[in-house]
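# An overview of the molecular structure
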Amino acid sequence: MRNLLYCGDQEYIDTGSVLVLVHMVVKTQRRLRKRGIEERMRICIVAEGCYPYTVGGMSSWAHGLIRSFPSQEFVILAIVANRELRGKFVYELPENVVEVHELYLDDLDWCRHKRKSRMNKKEYQALRSLLLGKQVEWEALIDYFQKKKRSLNDLLMGEDFLNAVTEFYLLHYSQIVFTDFLWTMRSIYLPLFRTLQMKIPKADVYHCLCTGYAGVLGCMGKYIHGGRLLVSEHGIYTREREEELIRSKWVKGIYKNIWIEQFHKMSKMSYDRADLVTSLYRRARELQVDLECPLEKTMVIPNGIQVERFQNLLGKTEAEEEEIYVGAVFRVAPIKDVKTLIQAFGFAKEQEPRLKLWIMGPWDSDDSYAQECFDMVSVMGIADVIFTGKIDVLEYYGKMDLMILTSISEGQPLTILESFAAHKPVIATDVGDCRGLILGNDDGEDEFGEAGLITHIMNVGEITQAILTLARDRQRRIRMGENGYHRVSEIYRMENMLHAYGEVYKDFAAVMQRPWTEEDGESVKQPEDYVGGV
């Protein structure tokens, strides 16, 4: 018997790892028949750790993209940590989303066999190629995991995996303790093998929002069902995982290198099999090529926002004009380096008492880190620091005097584009495309001037000084805010981004012989549950 699952006011059929939107499928099909569209292109959005479970730049982007192509059918293939997140969507899914499939990387082994089976020669060679990293035989691995249900516990504890790991160990790592090495290899390959077991929904296009595990699923979809593969990287996944591993405390010494190499293998799989790989800015494209993505497959499609939504916003009251508001729109999470921001603001506040900091965004994605931030404000005795939680940023942007972003990793932050649209200057760390957004690109086509200040990451002194510099120069703030407004209005409009992706989808539709409606991608309304580029 199938179980029904309700997420908000939406009804789903619970079929294990698949949540099928019951009333939505029927409703969407009826609506499209009325419009004379019987067979539509089916696009599978493959997302890892973001949409539709968390708010943020990537999730907002995905939500808006789906809404912008209402005549096409979308399926979501979402990668989440475990079953605790099952169906816990923070977005009301658009009408043209007909299925949601979930992959849990940390899950129980549901398959048990009384008799363990060994790999044949071809299968074992594919496993060796994966561990040794020489021309990985991905298709053979996909066949092995897809053709019948297998116990991952039996595989990882079995003789075949042990033999392959032993060979890898003797070739490269014989100087370290073998038992530690073996268990590390099991922990590395468990989530990958679980990914390779996933039953992939049929689609015409697999649109992966990163490489990594999402890219593996997209490659599987293309191989099994023959669809087109599009990879859109907002940040360079391999580099981001590499940075995290280098900073991490749970992985020690040489094991960092082994984890990093595994992510390189997965990214190369996506790059080799993708029909198109997009990035947000030129430097990101260069990094993709450095990571062995063929240049001819790459394309730059910048982010875009609805500039008009940030005009005529509510400004300060006469009483509020006595203070200088510093705004930060982001999730309270380690990657945003909120602690450095708090320290820098505290030091700036000592020299400029009129300052007030507004941290706008949810903190429930990492409760322990958020509590550490709250405690830091209390212990340091910093006045005028406001944590708003999840809010409608349009009610706040107009009141800010300047915006700030202290992330240690970014792509092309929507919060910077939104700040520019609201005529606000931005202080940002030199990560991702923040420098290009604030100072302009060096391609000769951007002559709008400085729209803020750039600092090094985790540099409390530089960030403190940047806050004081703009806080004490109102005319400079206004000038920079206008420069940013002209830049975003000219280069980073949502309609430009949607037109670019519309052309990509349209080309894929022609190849797959699917109908395409020209109205798709021409206009989009900002989601009602929009909370900004957090």
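Residues numbered from 1 in each chain as written. Predicted model: local features only at pLDDT ≥ 70, side-chain atom pairs only at ≥ 80, totals over all residues. Heavy atoms only, no water.

### Points about the overall build of the chain
Across its full length, the chain holds 18 helices and 16 strands. Within the chain, the proportion of its 534 residues that are buried is 58%. Of all intrachain contacts in the chain linking residues separated by at least 6 positions in sequence, the fraction that spans at least 24 positions is 74%. (Helix = DSSP H or I, 4+ residues; strand = E, 2+ residues; numbered from the N terminus. Buried < 20%, exposed > 50% of the residue type's maximum accessible area, 1.4 Å probe, protein only. Contact = heavy atoms within 4.5 Å.)

### Observations concerning the sheet that holds strand β12 (residues 355-360)
The six strands lie next to each other as β13-β12-β11-β14-β15-β16, forming an open sheet whose pairing is parallel. Each end of this open sheet is capped by a strand with a single partner; those strands are β13 (385-389) and β16 (452-455). Adjacent strand axes in the sheet meet at a mean angle of 20 degrees, parallel and antiparallel pairs treated alike. Each of β11 (324-329), β12, β13 and β14 (402-405) is contacted by helix α12 (residues 338-351), which is oriented at about 165 degrees to β12, the strand it contacts most. (Pairing = 2+ DSSP bridges. Axes fitted to C-alpha atoms, helices over the stretch in contact; angles between N-to-C directions.)

### A look at the packing of helix α14 (residues 414-421) against helix α17 (residues 474-491)
Interaxial distance between α14 and α17 falls to 7 Å at its minimum, and their mutual angle equals 110 degrees. With respect to each other, α14 and α17 are oriented roughly perpendicular. In this structure, the crossing between α14 and α17 has a hand that is left-handed. Residue-level contacts link Leu417, Phe420 and Ala421 of α14 to Gly481, Gly484, Tyr485 and Val488 of α17. Broken down by class, the residue content of the contact of α14 with α17 amounts to five nonpolar, two polar and no charged. (Parallel < 35°, antiparallel > 145°, perpendicular 65-115°, else oblique. Left-handed = near helix turned anticlockwise from the far one by under 90°. Nonpolar A, V, L, I, M, F, W, Y, C, P; charged D, E, K, R; others polar.)

### Remarks on the pairing of β12
Burial analysis of β12 places six of its six residues in the buried class, which makes it a mostly covered element. In terms of strand pairing, β11 meets β12 through six bridges, oriented parallel. If you follow Ala328 over to β12, its bridge partner there is Ile359. The parallel pair β11 and β12 is bridged by α12, and the resulting crossover is right-handed. As paired elements, β12 and β13 share four bridges and run parallel to each other. (Right-handed = clockwise from strand over helix to strand, strands pointing away.)

### Remarks on the side chain of Asp107
Within the fold, Asp107 resides in the loop between β6 (97-104) and α3 (121-132). A distance of 3.0 Å separates the side chain of Asp107 from the side chain of Arg83, its partner in a polar contact. Excluding anything up to four places from it in sequence, Asp107 contacts Arg83 and Arg194. (Polar contact = N/O pair within 3.5 Å; in protein donor to acceptor, adjacent residues only side chain to side chain.)

### What to know about the nonpolar core
Formed by 72 residues in total, the largest nonpolar core has its most connected members in Met185 and Phe193. In terms of nonpolar packing, the next biggest core, distinct from the first, is built from 64 residues, Leu394, Tyr396, Val426 and Ala428 among them. (Core = buried A, V, L, I, M, F, W, Y, C linked by side-chain atoms within 4.5 Å.)

### Some remarks on the pattern of salt bridges
Pairing between side chains of opposite charge can happen when the charged atoms of each approach one another. Summed over all chains, the structure comprises 28 salt bridges. Residues Arg42 and Glu99 are paired through a salt bridge, measuring 3.0 Å at the closest nitrogen-oxygen approach. In this pair, Arg42 is assigned in strand β4 (residues 42-48) and Glu99 in strand β6, connecting sequence segments 57 residues apart. Taken as a pair, Arg42 and Glu99 share a single burial class, namely buried. In this structure, Asp430 and Arg435 form a salt bridge, with 2.9 Å as the shortest nitrogen-oxygen distance. Via salt bridges that share partners, Arg40, Arg42, Glu73 and Glu99 belong to a single interconnected network. (Salt bridge = Lys/Arg side-chain N within 4 Å of Asp/Glu carboxyl O.)

### Observations regarding the confidence of the model for the chain
The share of residues in the chain with pLDDT of 70 or more is 88%, and the mean pLDDT across the chain is 88. Taken as a whole, residues 1-10 scores under 50 in pLDDT and shows 25 contacts with residues more than four places along the chain or in a different chain. Throughout residues 523-531 the model reports pLDDT below 50, and contacts reaching past four residues in sequence, or to other chains, amount to 26 contacts. (pLDDT = per-residue confidence, 0-100.)

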